[in-house]
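Each chain is listed here by its residues.
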Amino acid sequence: MPNIKSAIKRVKVTETKTLKNTIRKSALKTTVKKCKEAIASGEGAADAYKATTKAIDKAAAKNLLHKNTAARRKSRLAKALNAAK
């Protein structure tokens, strides 16, 4: 455990940020999973893709994902959506 006041604060801030990032990443994974299921079933696939794309963009803006990773994931979902049509 750190003794210096600023180090103690950094530990608290890091724990808080880690928790929030974990929650956001989990929500993103759930959204992507629902989108893949919608594409597979064919029901509401376009709406699910739109929501997932928005979630991926937000994650990239919050630095949860690298911008190239976000672009790759969106591209793969679009490719799957177009193949399902």
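This text goes with the structure placed above it.
Everything in this summary refers to the structure shown in the same document. Keep in mind that this is a model prediction, so the values were computed, not measured.

Another point: the overall build of the protein. Counting its secondary structure elements, the protein contains three helices and zero strands. Reading the helices (α) and strands (β) of the protein from amino to carboxyl end gives α-α-α. Rg of the C-alpha trace for the protein: 17 Å, well past the compact-globule value of 12 Å for 85 residues, more than 25% over. The principal-axis extents of the C-alpha atoms in the protein amount to approximately 60 × 20 × 15 Å.

In contact at an axis separation of 10 Å, helix 2 (residues 45-61) and helix 3 (residues 67-84) are set at 175° when each is read in the N-to-C sense. Classified by the interaxial angle, the pair formed by helix 2 and helix 3 is roughly antiparallel. Across the interface between the two elements, Ala-45, Ala-46, Tyr-49, Thr-52, Thr-53, Ile-56, Asp-57 and Ala-60 from helix 2 touch Ala-70, Arg-73, Lys-74, Leu-77, Ala-78 and Leu-81 from helix 3. Its residues placed into classes, the contact of helix 2 with helix 3 shows nine nonpolar, two polar and three charged.

So, about helix 2. Compared with an ideal rise of 1.5 Å per residue, which puts 17 residues at 24 Å, helix 2 spans 24 Å between its outermost C-alpha atoms and is within 8% of the ideal. Restricting attention to buried positions, one finds in helix 2 the residues Ala-45, Ala-48, Tyr-49, Thr-52, Thr-53, Ile-56, Ala-59 and Ala-60. Buried residues of helix 2, seen end-on, are gathered within an arc of 135° and therefore sit on one face of the element. Turned more than 90 degrees off the buried face of helix 2, the exposed positions are Asp-47, Lys-50, Lys-54, Lys-58 and Ala-61. The secondary structure elements touched by the buried residues of helix 2 are helix 1 (5-41) and helix 3. Following helix 2 by one or two positions, Asn-63 has its phi on the positive side, about 65°.

A few words on unusual backbone geometry. One non-glycine residue, Asn-63, adopts positive backbone phi at about 65°. Tracing the backbone through its elements, the reader meets Asn-63 in the loop between helix 2 and helix 3.

So, about the side chain of Thr-52. Positionally, Thr-52 belongs in helix 2. Within the structure, Thr-52 has its side chain in polar contact with the backbone oxygen of Ala-48 (distance 2.7 Å). Not counting residues within four places of it along the chain, the set of residues in contact with Thr-52 comprises Thr-31, Val-32, Cys-35 and Leu-77.

Rules and cut-offs
Residues numbered from 1 in each chain as written. Predicted model: local features only at pLDDT ≥ 70, side-chain atom pairs only at ≥ 80, totals over all residues. Heavy atoms only, no water. Helix = DSSP H or I, 4+ residues; strand = E, 2+ residues; numbered from the N terminus. Rg over C-alpha atoms; globule rule 2.2 N^0.38 Å. Axes fitted to C-alpha atoms, helices over the stretch in contact; angles between N-to-C directions. Parallel < 35°, antiparallel > 145°, perpendicular 65-115°, else oblique. Contact = heavy atoms within 4.5 Å. Nonpolar A, V, L, I, M, F, W, Y, C, P; charged D, E, K, R; others polar. Expected span 1.5 Å × (residues − 1). Buried < 20%, exposed > 50% of the residue type's maximum accessible area, 1.4 Å probe, protein only. Arc of directions from axis to C-beta. Polar contact = N/O pair within 3.5 Å; in protein donor to acceptor, adjacent residues only side chain to side chain.

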